[in-house]
Each structure stands twice: as structure tokens, then as C-alpha cells.
Amino acid sequence: MNTRRFWTRTSDRAASFAISAGGLLMIGSLVLIFGLIFSESLPLFRAPSLAASRSMGASIAGPALAAGLNEYLDGAEAVLPDGTVRVVDLETKAVRKSIPVAGLEGRRITAAARTFKDDYALGLSDGSVLAASARWQTSFDSGKRAVDFTFESHGFFPLDPAGRPASRVAVWQRSSGGFLVAASPEPGSLALGVGSDDGPHIVDLSAALKDDKVSALAFLDDGGLLCVGTEGGQVVAFSLAEPASPVRQESVALWPSDPAPVTALEALIGGQSLIAGDAKGRIAGLLRIRESEGSETRVLKAVRRFEPMSAAVTALSVSPRGKTFLAGDASGRVTAYFATNQRTLASASAGAPVAALATSPKGDGVLAITAAGLSEFALDAPHPAISWKALFGKVLYEGYDQPEYTWQSTGGTDDFESKLSLTPLIFGTLKGTFYALLFAVPVALAAAFYTAAFATPAVKRLVKPVVEIMAGLPSVVLGFLAGLWLAPVIQRSTLATLLLFPMIPLFVLAGVLAIQALPPRLHQRLHGGRELLVIIPLALAAVWFSSLAGPLIENVAFHGDFKAWLLSAAGLKYDARNSLVIAFAMGFAVIPIIFTISEDALSSVPEHLRAASLALGASEWQTAVRVILPTASAGIFSAVMIGFGRAVGETMIVLMATGNTPVMEWSIFNGMRTLSANIAVEISEAPFGGTLYRVLFLAALLLFVITFVVNTLAEILRQRLRKKYTVI
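All figures in this text were calculated on a predicted structure; none of them were measured in a lab. (Residues numbered from 1 in each chain as written. Predicted model: local features only at pLDDT ≥ 70, side-chain atom pairs only at ≥ 80, totals over all residues. Heavy atoms only, no water.)

Let us now look at the overall build of the chain. A tally of regular secondary structure across the chain gives 17 helices and 30 strands. Its C-alpha atoms give the chain a radius of gyration of 36 Å, clearly above 27 Å, the size a compact globule of 728 residues would have. Counting only C-alpha atoms, the chain reaches 120 × 85 × 55 Å along its principal axes. The buried share of the chain, reckoned over its 728 residues, is 47%. Partitioning the intrachain contacts of the chain with sequence separation of at least 6 by distance along the chain shows that 59% fall at a separation of at least 24. Taken as a whole, the chain presents about 33800 Å² of accessible surface, with 62% of it coming from carbon and sulfur. Taking the average place of the 60 positive charges on the side chains of the chain and the average place of its 58 negative ones, the gap between the two points comes to 14 Å. (Helix = DSSP H or I, 4+ residues; strand = E, 2+ residues; numbered from the N terminus. Rg over C-alpha atoms; globule rule 2.2 N^0.38 Å. Buried < 20%, exposed > 50% of the residue type's maximum accessible area, 1.4 Å probe, protein only. Contact = heavy atoms within 4.5 Å. Areas by Shrake-Rupley, 256 points an atom, 1.4 Å probe, with all protein chains shown as cover. Lys, Arg positive; Asp, Glu negative; His and termini not counted. Charge placed at Lys NZ, Arg CZ, Asp CG, Glu CD.)

Written out as C-alpha cells, the structure reads:
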């Protein structure tokens, strides 16, 4: 006896220990998964930095007018007024070589401008402008890296017949070939030079300036637009659709109520947007936006505002790797910004007023030219595109007319502006879940209620295993069937499919009422599960009736094309793979879970409650609705919440049965992109450690948090329901 008791206690303790250990192991695993996902997404929010790394006195670099960096940050070139390009070793702070600019013949360089493509415009003392390119070439010999620098001239443009020194210059190398240069020797004059195979073509734009005084120049839209900053705080755009005959277009006031001279202009990579700084330290971003709704004409508008500098903006430089740009001011401050989300990344001091800035090819180094020489800064901003506004707010992107929630992580070119808003993905997740549950919950609960409360044991033994088998179907099979078979079927018979929703309940209700109206003798024969012999054929008859009525109604009421009517009358576009398909396919996957748990909860209601209710004179229906259903409500609620969690995390069905378009519309006739499907789609294109890679981990973290919060709330409510309907 004592031995048996000993083994019983030992077994109890072992079982208790094993269960506790399993629970702790499960909790620990969840914590570790959460920690891994959190740690991978956390670097997105690390603060960027801009730190001074090296400085070279003017004796080494000279009084430079413009400069550039190589991609390894160990070499820089500086353009000097005496007509030489000095190549500086940033490691040893020594001058490697001085290259005289070919063809100057005694002329001095009076102004210089450099683009992010390493092209230079050199304004000369006789009023002409030289277009040139700087090239850093790297080679490896026996594992040792060797760097060479060349400075290639592309021709002179005699822009000022009067021979006045050029003071403001700009250059752009068009993708179609040839250079564009612009120069303004005096504020009231402006000339454009167009390079061609027949030699340079010069256009005098001074008359088109009217009363505007030139203070800054830049090209935009692949050289299709010459933008002129003025002393009156305007940006005047000249269309170069016909470069030989430019046309003055719009004039944009940066700050209409408080104008100040425009001191710097730069086009961002891609040439679709412009950055402008003024004498009061303010910085604005200009985009080409439709002139009005429905118009095809795009005009420049100052729609982006950035954190102001502390003094007049004296220099701008854009990154060749993205929408990051830097601004330098008269107080010596250098600040890095990201244009798309208008975020201020980091700031540092150059110690003296900044005359010009240059950004390295990788965007991780900055060179500032001051009266004291050259100062180099290290820019550490691996994820500048990420901010709360970019992830969850509306952002105005290049090519858009208004701020929008958009997910478009990659493009066809390096200058693509990434759009990483998670809002349409969260919306798509909730939308897909909503339509799936809208279909699955009524069907699953009605089936569970019937099986537990009214079906005979024989029917229950048949129905429950059949429904539970549905849970074993792989989601990839359901997604495959939904995408390749169900979607075309619904597309061909959309109206007939929609008719199923009212017709099946009506036919079934009619059958139930007919059974109730039968004489007691016949009614008794259809009791105890035999009513299915009437209801199932009626449901099939509803399907048959809808298949006939759908095309007929479509021909009579919608001129034979219901989808065209949707688009013209309601503005709803029909996509072949849409939320209706998801409702059926994902609902089919969710029904077994909700049915099984709900049926177990309903069947677990103590029999003495049912017997007591019947003994007090209540009917079976009254007993089911007023006694069994409330008592099992906690379990039913848990079933719905578990179904919700299953639908939120579903990947393969959504991936295969929708177009994966991140739209923000509740229409059942278009698709969505969910967080889980987005991870599956984008993971192959995400470079390790990159912004997209970490944003996908952030999406996974959001899924984790949504599921955790919903389950926690569901458990709290379930405990309250259980306490309310506790059966003693």
C-alpha cells in the first residue's frame, strides 16, 4: 500500500515537473523569438551620426572652389582658382599630384559646381564655362589596391560675349548624351550652353529673367528643366524640351510671406526633386506635381520643409546613393537630412563658414570646404529612410500628387525612392482577416451549435470528423485551388456567387419553416438529424438557382457586364484575385478550428443543466439558446479568437490567391497585401542587414505583437465569461 502511494506521489510530482518544465520552455522560446525579432529590427531606430574625422589646412588643399571624395575615403580632389586640380591623400594629408586643367591658357577659375555624378562646371575669368568629369579608378594587383585619378574636359562654352567672369554655374550630363551648362556672370544675366556634335549652342536667357536676379542655378528632370534661384526668394523654371529655345514656365515662391534670397540649389539623385536653401537658413524641397486635379501638366511646388540651419545656407550636396543630402551654412554648421521623410539625420561643425560640400560615392563620407581648408566627416546613417512618419504616416513621394500610404520597396533603377509604409500591410492583414471571419464564423458556429445541441449521436459521429479533416488540408493546396481554380470561377460568375449569400439562408429557412408546418406525424419523422435530408438538397437548390439567376439578372439589370457597371457606377475595379476569393479560401481553412473548439465547448455543458431546463418546461430550442449557449460562451469566444489568430498569420493562401497589391480599400472586389505575405514575397530581395531586411523583421514583430495583444485580451474576456457562467 505504501509502495503504491509512493509511486503515485512520485508520478504526480514527475508529471507536475514535466508540465511545468514544458510550460517554462514554451514561454522561454517565445521570449527568445521575440528577442531575436526585436534585436534585428531595433537598428532601424538607431540615431545617425555625423562626426568630424580629418581636416587638412588650406596649405595642402589650397583655397578650393569645389572638391570630391573617392569611395574608399582615402583620396580627395580639390579644384583651385589657379586652374589646377589637386589630389590629396587623406590618410597622410599629403598632396599626391596637381593636374593642370587642359586648355585654360592663362584663364583662372572663378566659380565651380559639382554634381553627384562627379561632373564639374568650371566658370572661367573670360566668361566661358568648362564642362569636365572627375574619375577615380581602382585596380588591384596581387591583392594590393591602387587608385588613379583623371580629370577629363568635355569642352568650353563661351556663355558671355562680354567676357565677364562667371560667378554662378551649373552643369548636367544628359542620359541622351551631351552636356548642359548654365552661367550667370551678374545677377541680371543668364546664359545656357547646349553641347552637341556640331559644337556648343549658346542661348542668352537674360531677357527672360525679367526683373529676377540670379542667385543659384541647377538642372532638373534629366536636363529638361533649368531652375534659377533668385534674390527675391523665387525658383524660376525654364523648360528645355527644345534646348535651343528654352521657355520660361512657373515661378515658385519658397516662403511667400517672408522671402529671402535663394543661396543654394541642388537636384536630388534621379533628377525629379530639388532642394533649395535661402539666406535665412531655411531649406525647402520642390517636387513636380500636377497643376490641378485631372491636369496632365506638372509644375514645381515647394512642398517639403526641413529643420532650418542656424545661418544662411551656403552649400548643398546630395548623396549618389539615395535621397540623403547635406547642407552647410555661414556659421560652419553641416547637417545631414533625408528628403523623403524630411528627417534631420545628424549635425556637426566645420569650424568656419562652409563654401562647398561633397559627398562620397557610397554616401558615408562628407567633405566640407572652408577658408581653413578641407574638413572630412564620417556619416553613419544606415537607415535614413526610416522614421515613424515613413512607416506609419502619409508621405509625399516623387511622382505623386499628394501624401499617401505606400509600400514599394524596390524599383528598376538605383535612384528609386523606396516607399516603406507598413500601414497598407497592416490594413491588408486586417482586411483579409475580416472577410475570412465574416464567412467562417457564422458557418462554423452554426454547424457547431447544431451538432452539439440538436444532432443525434450518429450524425455527430459523422459530421465532426469530416469537418476536422478539413483542418488537415495544407494551406498551400487551398491557396493553389483558390488562385488557379476558384478565382476564375468567381470571375466568370461574380453575380451568381454574390447571390449565394442571401439565397442559401433563404432556401434553408424556407425548408425549416416547411418542416415546422408539417403535420406532427411527418414532423416527427424528420426529427433527430433527418432534417438534413431536406436542408442539404435545399442548399444545393439555392446554388443551382443562383447559377441560373445570376446571368439573367446581369443581362437585364447590368447590360450583361456586372464588372463594367461596378467600375462606371460605383468606381470599384474588379481584380481577378480579390477579397471574395480570400473569404472562401481562408474561411475554409479557419472553419475547422472554430467549429471543433466551439463544438467541444457546447458539448461540455453539463447534462444536468439541459435536463433541468427541459424539466422546467423549456423547449429544446429555448434550452439551447438560453442555457447551453451562454454557458459555453467562454469556449466559443476562445474559438473565434484562435480563428482570428490563424487568419492573421496565414501566408500561403493570401500569397497565392490575391494579387498582393498593397491597396487601402475595403472593397471586396480587390485584393490586399498582408504582413505575412509581404515577408514571404520580399525576403528573397532583402540584402542582409539592409533597410528592407530589418523592416521585414519589424513587420514580423508587428504580427507577433498583434497576435499577443489579441490573445491576451481574448483570455481576459474569456476568464470573465467563464467566471460569469461558472457551473458548480
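To continue, consider the pairing of strand 9 (residues 144-158). One ladder, built from 13 bridges, connects strand 8 (residues 128-141) with strand 9; its direction is antiparallel. The partner of F140 across the bridge, within strand 9, is R145. Counting the residues that bridge the hairpin from strand 8 to strand 9 gives 2 residues, and of these S142 lies at a positive phi of roughly 55°. (Pairing = 2+ DSSP bridges.)

Quick look at the sheet that holds strand 19 (residues 273-278) now. Taking strand neighbours across the sheet as the criterion, the 4 strands line up as 18-19-20-21 in an open arrangement whose pairing is antiparallel. Strands with a single pairing partner mark the edges of an open sheet, and in this sheet they are strand 18 (262-267) and strand 21 (298-306). Strand-to-strand twist across the sheet, computed as the mean angle between neighbouring axes with direction ignored, equals 30°. (Axes fitted to C-alpha atoms, helices over the stretch in contact; angles between N-to-C directions.)

A separate point is empty space enclosed by the protein. Applying the stated criterion across every chain yields a total of 3 cavities of 30 Å³ or more. Each pocket or cavity is described by its volume, and for the second largest cavity that value is around 40 Å³. Taken together, P43, L44, R46, P48, R343, D380, A381, P382, H383 and P384 make up the lining of the second largest cavity. Of the residues in the lining of the second largest cavity, the class split is 6 nonpolar, 1 polar and 3 charged. (1 Å grid on protein atoms, 1.4 Å probe; cavity = no way out; pocket = protein on both sides within 12 Å on 5 of 7 lines; lining within 4 Å. Points joined across faces, edges and corners; volume = space filled by probe spheres on them. Nonpolar A, V, L, I, M, F, W, Y, C, P; charged D, E, K, R; others polar.)

Right, let's get into the packing of helix 7 (residues 494-517) against helix 9 (residues 532-557). Two numbers describe how helix 7 lies on helix 9: the axes approach to 7 Å, and their chain directions differ by 140°. By crossing handedness, the relation of helix 7 to helix 9 is classed as right-handed. Per-class residue counts for the contact of helix 7 with helix 9 are 20 nonpolar, 4 polar and 1 charged. (Left-handed = near helix turned anticlockwise from the far one by under 90°.)

Across the chain, the average pLDDT comes to 89, with 98% of residues at or above 70. Within the chain, the element-level pLDDT minimum falls on helix 2 (residues 58-61), averaging 73, and the maximum on strand 24 (residues 333-338), averaging 96. (pLDDT = per-residue confidence, 0-100.)

Moving on, we come to the side chain of D160. In this fold, D160 is placed in the loop between strand 9 and strand 10 (168-173). Setting aside anything within four residues of it in sequence, one finds D160 in contact with D126, G127 and P185.

So, about the pattern of salt bridges. Opposite charge on two side chains lets them pair, provided their charged atoms get close. This model, assessed by the stated rule, comprises 28 salt bridges. With its nearest N and O atoms 2.8 Å apart, the salt bridge here joins R164 to E186. Of this pair, R164 sits in the loop between strand 9 and strand 10 while E186 sits in the loop between strand 11 (179-184) and strand 12 (191-194), and the two are 22 residues apart along the sequence. The class of E186 is partly exposed, set by a relative accessible area of 39%. Across the salt bridge formed by D212 and R248, the nearest N and O atoms sit 2.9 Å from each other. Of the two residues, D212 is situated in the loop between strand 13 (201-204) and strand 14 (214-220) and R248 in strand 17 (residues 247-253); the sequence distance between them amounts to 36 residues. The buried category is assigned to D212, whose relative accessible area is 17%. One network of salt bridges, in which partners are shared, links D258, D278, K280 and R282. (Salt bridge = Lys/Arg side-chain N within 4 Å of Asp/Glu carboxyl O.)

This paragraph deals with helix 6 (residues 475-492). An ideal rise of 1.5 Å per residue puts 26 Å on 18 residues; helix 6 measures up with 24 Å between its terminal C-alpha atoms. At A482, helix 6 shows its largest bend, some 40°. Every buried residue of helix 6 is accounted for by S475, L478, G479, A482, G483, L486, A487 and I490. Those residues of helix 6 that are buried are in contact with helix 7, helix 11 (579-603), helix 14 (633-649) and helix 15 (652-657). (Expected span 1.5 Å × (residues − 1). Bend = angle between axes of the 7 residues up to and from the residue.)

Notably, Q342 is not glycine yet its phi reads approximately 55°, a positive angle. With a phi close to 55°, H559 is a non-glycine residue in the positive phi region. With respect to the element layout, H559 can be found in the loop between helix 9 and helix 10 (562-570). Owing to a relative accessible area of 76%, H559 belongs among the exposed residues under this scheme.

This part covers the sheet that holds strand 5 (residues 94-100). Reading across from one edge, 2-3-4-5 is the order of the 4 strands in this open sheet, with antiparallel pairing throughout. Since the sheet does not close on itself, it has two edges, and those belong to strand 2 (66-69) and strand 5, each with one partner. Sheet twist, expressed as the mean angle between neighbouring strand axes with direction ignored, is 20°. Pairing between strand 4 (residues 84-89) and strand 5: 6 bridges, direction antiparallel. Bridge pairing in strand 5 links D89 to A94.

This brings us to the side chain of T596. Along the chain, T596 falls in helix 11. Within the structure, the side chain of T596 is placed 2.7 Å from the backbone oxygen of P592, a separation counted as a polar contact. Those residues in contact with T596 that lie beyond four places of it in its chain are K464 and E468. (Polar contact = N/O pair within 3.5 Å; in protein donor to acceptor, adjacent residues only side chain to side chain.)

This paragraph deals with the pairing of strand 27 (residues 365-370). Across the 6 residues that make up strand 27, a large majority, 6, are buried. The side-chain alternation of strand 27 yields two buried faces, one formed by G365, L367 and I369 and the other by V366, A368 and T370. As paired elements, strand 26 (residues 354-359) and strand 27 share 5 bridges and run antiparallel to each other. Within strand 27, the residue paired with L357 across the bridge is A368. Counting the residues that bridge the hairpin from strand 26 to strand 27 gives 5 residues, and of these G363 lies at a positive phi of roughly 75°. Between strand 27 and strand 28 (residues 373-380), which pair antiparallel and follow one another directly, the connecting turn spans 2 residues.

Across soluble globular proteins, you tend to see nonpolar side chains buried next to one another. Core analysis: the biggest nonpolar cluster contains 72 residues, and L422 and L602 have the highest contact counts within it. Broken down by element, the residue count for this core peaks at 13 residues, all from helix 11. In this structure, L602 is in contact with A448, F449, A452, I628, L629, A632 and I636, ignoring residues within four places of it in sequence. Membership of the second largest hydrophobic core comes to 52 residues, among which are F116, W255, A267 and Y337. (Core = buried A, V, L, I, M, F, W, Y, C linked by side-chain atoms within 4.5 Å.)

To continue, consider the packing of aromatic side chains. Under the criterion given, the structure shown has 28 aromatic pairs. Considering the side-chain rings of Y397 and Y400, the 5.6 Å spacing of their centres and the 65° angle between planes classify their relative orientation as edge-to-face. Each member of the pair, Y397 as well as Y400, carries the same accessibility label: buried. Taken together, the aromatic side chains of F558, F562, W565, Y574 and F669 make up a single cluster linked through ring pairs. Over the ring of Y72 we find R145, and its NZ or CZ is 3.9 Å from the ring centre. Cation over ring: R305 sits above W255, and NZ or CZ is 4.6 Å from the ring centre. (Phe/Tyr/Trp six-rings, centres within 6.5 Å; stacked < 30°, edge-to-face > 60°. Lys NZ or Arg CZ within 6 Å of the ring centre and 35° of its normal.)

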